[in-house]
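Residues per chain are reported as follows:
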Amino acid sequence: MFVTPAYAQAAGGGGGDILVSIMPFILIFVIMYFLIIRPQRQQMKKRQEMLNNVRRGDQVVTGGGITGKVTKVVDDNEVEVEIADGLKVRVVRSLLADVKVKGEPVQESAQKK
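So, a few notes on the structure that sits alongside this text. Here the residue numbers are simple positions, counted from 1 along each chain's written sequence. With pLDDT at 70 or above as the cut-off, local features in this predicted model cover only qualifying residues; side-chain atom pairs require 80 or more to be listed or tallied, and sums for whole chains, interfaces and linings still use all residues. No hydrogens and no water enter the side-chain calculation; it runs on all heavy atoms of the structure.

## Describing the pattern of salt bridges
Link 1 in the chain: Salt bridge criterion: a side-chain nitrogen from Lys or Arg within 4 Å of a carboxyl oxygen from Asp or Glu. The full count for this structure, using the stated rule, is one salt bridge.
Link 2 in the chain: Ionic pairing is found between E78 and R90, a salt bridge with its closest N-O pair at 2.7 Å. Placement of E78 in strand β3 (residues 78-84) and of R90 in strand β4 (residues 87-92) is noted, with a sequence separation of twelve residues between them.
Link 3 in the chain: What makes R90 exposed here is its relative accessible area of 54%. Note on conventions: DSSP H or I runs of at least 4 residues are helices, E runs of at least 2 residues are strands, and numbering of each starts at the N terminus. Buried, partly exposed and exposed residues are distinguished by accessible area as a fraction of the type maximum, computed with a 1.4 Å probe on protein chains only: under 20%, between the cut-offs, and over 50%, respectively.

The structure is reproduced here in structure tokens:
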């Protein structure tokens, strides 16, 4: 029937408990930001810069694995790629997987095969 002194004291100091209960969530968010979100943003910026710098004469690899040479930049969204002698296709710029600028040396691993 009577309230013990231990329960009476716990009810008055509840302000610090909220901070202690929220702290793990804040730490998890900070860790996720530095391990996942920030590197992904940097990677997206590098990819966008690579796609914006596509120009005539560059060797490109499409998302489907087709390699070819850029013959014409149609507009901001499309490029014309020659995938065989006399065979040109229009490719959406965002679907390019890799851009190899002309004059880029062949990798050593590719030479050994």
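## Points about the nonpolar core
Link 1 in the chain: Here, the term nonpolar core denotes a set of buried Ala, Val, Leu, Ile, Met, Phe, Trp, Tyr and Cys residues that are joined through side-chain atoms within 4.5 Å. Within the largest apolar cluster, nine residues are counted, these being L51, V54, V60, V70, V79, V81, V91, L96 and V99.
Link 2 in the chain: Elements with a contribution of two residues or more to this core: β3 and β5 (96-100).
Link 3 in the chain: Beyond its immediate sequence surroundings of up to four residues, V79 is in contact with V54, V70, K72, V73, V74, V89, R90, V91, R93 and L96. Contacts: residue pairs with any heavy atoms within 4.5 Å of one another.

## Thoughts on the packing of aromatic side chains
Link 1 in the chain: Stacked, tilted and edge-to-face are the three classes applied to pairs of Phe, Tyr and Trp rings, where Trp contributes its six-membered ring and a pair requires centres within 6.5 Å; stacked means planes under 30 degrees apart, edge-to-face means over 60, and tilted covers the rest. Taken as a whole, this structure holds one aromatic pair when the rule is applied.
Link 2 in the chain: With a centroid separation of 5.2 Å and 80° between ring planes, the pair formed by Y33 and F34 is classed as edge-to-face.

## Points about the environment of T71
Link 1 in the chain: Summarising the element assignment, T71 is placed in strand β2 (residues 67-73).
Link 2 in the chain: By relative accessible area, which is 19% here, T71 ends up buried.
Link 3 in the chain: If we ignore the near neighbours within four places in the chain, the residues touching T71 are R56, E80, V81, E82 and K88.

## Remarks on a nonpolar patch on the surface
Link 1 in the chain: Together, I18, L19, I22, M23, I26, L27, F29, V30 and F34 line one region of the surface with nonpolar side chains, adding up to about 860 Å² of accessible area.
Link 2 in the chain: Tracing the sequence through the fold places I26 in helix α2 (residues 15-52). Each patch is built from residues lacking any salt bridge and having more than 30% relative accessible area; the joining distance is 9 Å for like charges and 5 Å for nonpolar side chains (Val, Leu, Ile, Met, Phe, Trp, Tyr). Using a 1.4 Å probe, accessible areas were evaluated by the Shrake-Rupley method; residue-level cover was limited to the displayed protein chains.

## Quick word on a positive patch on the surface
Link 1 in the chain: A residue counts as positive if it is Lys or Arg and as negative if it is Asp or Glu; His and the chain ends are not included. Charge coordinates come from a single atom per side chain, which is NZ of Lys, CZ of Arg, CG of Asp or CD of Glu. A grouping of R55, R56, K69, K72, K88 and K102 is seen on the molecular surface, where their side chains present a positively charged patch.
Link 2 in the chain: Mapped onto the fold, K88 is located in strand β4.
Link 3 in the chain: On the basis of relative accessibility, which here comes to 47%, the residue K88 falls in the partly exposed class.

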